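Analysis of the macromolecular model
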Amino acid sequence: DKPSIVKALRERSRQSEPRSGGMVGMVPDGILGAFRTQPGLDSLLIGRKRGLMRICAEEGATCCAAWCFGTTDMLSVVQDPCGLLESVSRRMKAALIGYYGRWGLPIPRRVAVSILLNAVKADKIEFPTAVQVEELHARVYDGLQKAYDQQKAYAGYPDRTLLIK
């Protein structure tokens, strides 16, 4: 929820090393992304969600979009053709997912895994407009797309494309 995120971003480190605030990690495509994942397909299903971008703009936070190459190939998700598990999971706000890897067991396949980051510092705006939030969203995810396209060959996935929807 928003108050918890804002509190985490405003927290000061209790260590002797100074820093400007806390850190929040989120999976933007959430349960939907978990159910729609397919081996060999890199996709990020965000839709019209912009709440995190609005909070980043209000707090002047740095938003780090990341992609992990290879994770969609490690395990396969059991597909539910009726969508029953997805529906129940969304209502419960917890994913009920079956998955398998090598030998049909929950043991990940051996694949190359690499991570890439795109960090964008948001300007602090007390009441950001929808246009400003959309601009920040574009900077974050267009930057991630550009970094993905530049780095995919180095990560061992030269023929892949990242689909951000």
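Please refer to the structure placed before this passage.
Conventions and cut-offs
- Residues numbered from 1 in each chain as written.
- Predicted model: local features only at pLDDT ≥ 70, side-chain atom pairs only at ≥ 80, totals over all residues.
- Heavy atoms only, no water.
- Helix = DSSP H or I, 4+ residues; strand = E, 2+ residues; numbered from the N terminus.
- Buried < 20%, exposed > 50% of the residue type's maximum accessible area, 1.4 Å probe, protein only.
- Areas by Shrake-Rupley, 256 points an atom, 1.4 Å probe, with all protein chains shown as cover.
- Core = buried A, V, L, I, M, F, W, Y, C linked by side-chain atoms within 4.5 Å.
- Contact = heavy atoms within 4.5 Å.
- Axes fitted to C-alpha atoms, helices over the stretch in contact; angles between N-to-C directions.
- Parallel < 35°, antiparallel > 145°, perpendicular 65-115°, else oblique.
- Nonpolar A, V, L, I, M, F, W, Y, C, P; charged D, E, K, R; others polar.
- Pairing = 2+ DSSP bridges.
- Phe/Tyr/Trp six-rings, centres within 6.5 Å; stacked < 30°, edge-to-face > 60°.

1. Structural notes on the overall build of the protein
- Secondary structure assignment for the protein yields six helices and six strands.
- Ordered by position in the sequence, the α and β elements of the protein form the string α-α-β-α-β-α-β-α-β-β-α-β.
- Across the 165 residues that make up the protein, the buried fraction comes to 35%.
- Accessible surface computed for the protein: about 10800 Å², of which carbon and sulfur atoms make up 56%.

2. Here we look at the nonpolar core
- In terms of nonpolar packing, the biggest core is built from 23 residues, with W67, L136, V140, Y141 and L144 touching the most fellow members.
- Ignoring anything within four residues of it in the chain, the contact list for W67 reads D42, S43, L44, S114, I115, L116, L144, Y148 and L162.

3. What about the environment of R48?
- Structurally, the position occupied by R48 is in the loop between β1 (42-44) and α3 (51-59).
- You can call R48 exposed: its relative accessible area is 66%.

4. With respect to the packing of α3 against helix α6 (residues 130-151)
- One can describe the packing of α3 onto α6 by two numbers: an axis separation of 9 Å at closest approach and a directional angle of 105 degrees. On the basis of the axis angle, α3 is roughly perpendicular to α6. Across from M53, R54, C56 and A57 in α3, the residues of α6 making contact are A130, V133, L136, H137, V140 and Y141.
- Among the residues making up the contact of α3 with α6, the classes are represented as eight nonpolar, one polar and one charged.

5. Here's the deal with the environment of L105
- Positionally, L105 belongs in the loop between β4 (99-100) and β5 (114-121).
- The exposure class of L105 is partly exposed, given its relative accessible area of 41%.
- For the pair formed by L105 and L75, sequence separation is 30 residues and the distance between their alpha carbons is 9.3 Å.

6. Here's the deal with unusual backbone geometry
- One non-glycine residue, W103, lies in positive phi territory at about 55 degrees.
- Looking at the secondary structure, you find W103 in the loop between β4 and β5.
- A relative accessible area of 67% places W103 in the exposed class.

7. Overview of the pairing of strand β2 (residues 62-69)
- By the alternation rule, side chains of β2 split into C63, A65, W67 and F69, which are all buried, and T62, C64, A66 and C68, of which none is buried.
- Where β2 meets β5, eight bridges bridge the pair, whose relative direction is antiparallel. Pairing of A65 across the sheet is with N118, part of β5.

8. Notes on the packing of aromatic side chains
- A full pass over the atoms with the stated rule returns three aromatic pairs.
- Ring geometry for W67 against Y148: centres 6.4 Å apart, planes inclined by 80 degrees, an arrangement best described as edge-to-face. Taken together, the positions of W67 in strand β2 and Y148 in helix α6 put the pair 81 residues apart, joining distant regions of the chain.
- Residue classification places Y148 among the buried positions, given a relative accessible area of 0%.
- Residues F69 and Y148 carry aromatic rings whose centres are separated by 4.9 Å and whose planes lie at 25 degrees to one another, so their mutual orientation is stacked. In this pair, F69 is assigned in strand β2 and Y148 in helix α6, connecting sequence segments 79 residues apart. As far as the burial class goes, F69 and Y148 line up, both buried.
- A connected cluster of aromatic rings, assembled from ring pairs, spans W67, F69, Y148 and Y157.

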